[in-house]
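Given next are the chains, with one letter for each unit.
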Amino acid sequence: MALAVPGSAALSSAARAADADATVNGGFESGLSPWTCTAGTTVTSPVHSGASALKATPEGGDNAQCAQTVTVRPNSQYTLAGWVRGSYVYLGASGTGTTDVSTWAQSAPDWQKLATTFTTGANTTKVTIYTHGWYGTGTYYADDVSLTGPGGGTTTQPPTVPTGLRTGTVTATSVALSWSPVTGATGYAVYRDGVKVQSASGTSATVNGLNPSTAYAFQVTATNDAGESARSATVTVTTPARSDGGGSTELPAHALVGYLHAGFANGSGYTRMADVPDSWDVIDLAFGEPTSVTSGDIRFNRCPVSECPNVESDADFKAAVKAKQAAGKKVLISIGGQNGQVQLTTTAARDAFVSSVSKIIDQYGLDGLDIDFEGHSLSLNTGDTDFRNPTTPVIVNLISALKTLKAEYGAKFVLTMAPETFFVQNGYQFYGSGKWGGQDPRCGAYLPVIHALRDDLTLLHVQDYNSGPIMGLDNQYHSMGGADFHIAMTDMLLTGFPVAGDANNVFPPLRPDQVAIGMPASVNAGNGYVAPAEVTKTLDCLTKKTNCGSYPTHGTWPALRGLMTWSVNWDRFAGWEFQRTFDSYFG
């Protein structure tokens, strides 16, 4: 039985004839080009038609997505279709300018057709179509993917140079820019000191992540399908000094950060506070943990004598903390860790968090707080898709709690964070459950917290260890085990990146003095250990742009703050190799 489509009678035969397939190589007859695939290959069997089809297998944290960006016309209807087989195969489109769409087959033992439709927005000229499987559910196949609708047309000339570039509000860490619209432009690019730092769909943008009391030169270009205009006239602006006393919080230009196993013993043994060498500039006490996952009530219990026979008394511990501080070191309480799940689901939990953390800081005379939320502490509710305006209670309440603590203790309060790559850099590909749902809601969940606290944040040291492969800004996957991984992950923090691939939703770069690189101290400390030579390569590339590998960095950052490691104890166990590497590099 044929089903009538509402409004189909209004489509003339001429209009139907004008429709075209915007997909390139939708049958995978020419290999994977121009598809961008996180995993996958072409095979000759099984195929739906022709000689080839796509075969891809999701593994670990990768859903084996293949995608391509196609040209479309604004305010136009398109039909996306494809043939699939396997378990949990998805077909969808993003960047439509209206409602992004997807469809899927839960189980397709033989070829099954998927199809969905969408209408482009008033200014939409590009759409990304994709197919992917689901995490750990097995191999899928796709063939004969098509996007049928009005041809996108072509633009033969790049737009003219933008004029009227001017500054608006200027703060110690940001500059607002605006310019006159350019006829025929579909977007704009903003350059800072000759380097492209972000894209804009309209005629204004705010550049964040700047240093106080620093001169910057800005330019803007206009873009369309035919290319990019020349750069505009330069506008130079100097950011003012920071008025709140924030920023360095008296850290040295290059700092060594380490976690001290203060509440437990393991194979590395217990290290007394007084025995931590002077090389360590920030000492994070591991860990403060909640009385229950959702209570917000944090307790810090020092290691008992039964577990740590050489543990010092409370009096000696406090005296050693004061001695470290007198020598210019910072001692923080780290909250969370692998076993300390913290979910501030209510305002009562938020208030309990503030109160209990304050008690710990006051009891031991500490300098501040490190947030090491792991596991399921942070996730994003369905529909929470804008990192700049989060709505999920566990995110909103954590931001509020940290701002309250910062206000309570003032400008000298040290605030650091140690998220895993899954919660930060993975946000380049995936954010929360996604616009169409189905993703891990923890993807990129730290981004709104980092962004909201960026002006109060002393250090971000992402754990570049115990990580799966992560896509860098070169759109290639990078894996632990060498300098390349650390370079790619750190470059993302210092360059900024579009969240979930959305060029209009860019996570701004952090200042280099806010960033330290997290590494395991030894092979015993965690997966992802790299030898001292690889640590040196990483630092050379990021601070001097020498000794780089294949990853193309987007800048040079001699003010990179330094290194973080798990842990002081494991480094002592390994003969202080990590500490010596830091000392020999930074002197």
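No experiment lies behind these values; they were computed from the predicted model shown. (Residues numbered from 1 in each chain as written. Predicted model: local features only at pLDDT ≥ 70, side-chain atom pairs only at ≥ 80, totals over all residues. Heavy atoms only, no water.)

**A short note on the overall build of the protein chain**
- When helices and strands are counted, the protein chain shows nine helices and 30 strands.
- In terms of C-alpha radius of gyration, the protein chain reaches 26 Å, essentially the compact-globule figure of 25 Å for 587 residues.
- Reported as C-alpha extents along the three principal axes, the dimensions of the protein chain are approximately 90 × 60 × 50 Å.
- Here the protein chain holds 587 residues, and 53% of them are scored as buried.
- Pairs at least 24 apart in sequence give 73% of the contacts found in the protein chain among residues at least 6 apart.
- Working note: accessible area of the protein chain is about 22,900 Å², and carbon and sulfur atoms make up 50% of it.
- Put simply, the protein chain has 35 plus and 48 minus side-chain charges, and the middle of one group is 5 Å from the middle of the other. (Helix = DSSP H or I, 4+ residues; strand = E, 2+ residues; numbered from the N terminus. Rg over C-alpha atoms; globule rule 2.2 N^0.38 Å. Buried < 20%, exposed > 50% of the residue type's maximum accessible area, 1.4 Å probe, protein only. Contact = heavy atoms within 4.5 Å. Areas by Shrake-Rupley, 256 points an atom, 1.4 Å probe, with all protein chains shown as cover. Lys, Arg positive; Asp, Glu negative; His and termini not counted. Charge placed at Lys NZ, Arg CZ, Asp CG, Glu CD.)

**Here's the deal with the confidence of the model for the protein chain**
- Chain-level pLDDT for the protein chain is 89 on average; 95% of the residues reach the 70-or-more range.
- Here helix H1 (residues 13-18) is the element of the protein chain with the lowest mean pLDDT, 39, and strand S24 (residues 459-460) is the one with the highest, 98.
- Note on residues 1-17: pLDDT is under 50 here. Beyond four places in sequence and across chains, it has two contacts.
- Confidence drops under a pLDDT of 50 for residues 244-248, and excluding neighbours within four residues, the segment shows nine contacts in the predicted structure. (pLDDT = per-residue confidence, 0-100.)

**So, the nonpolar core**
- Leu 285, Phe 353, Leu 402 and Met 417 are the most contacted members of the largest nonpolar core, which has 103 residues in total.
- Ranked by the residues each element gives to this core, the list is headed by helix H6 (residues 483-495), at eight residues.
- Setting aside its immediate chain neighbours within four residues, Leu 285 contacts Leu 260, Ala 262, Met 273, Phe 300, Phe 317, Val 331, Leu 332, Ile 333, Ser 334 and Leu 366.
- Ranked by size, the runner-up nonpolar core spans 25 residues in total, among them Leu 54, Val 84, Val 127 and Tyr 140. (Core = buried A, V, L, I, M, F, W, Y, C linked by side-chain atoms within 4.5 Å.)

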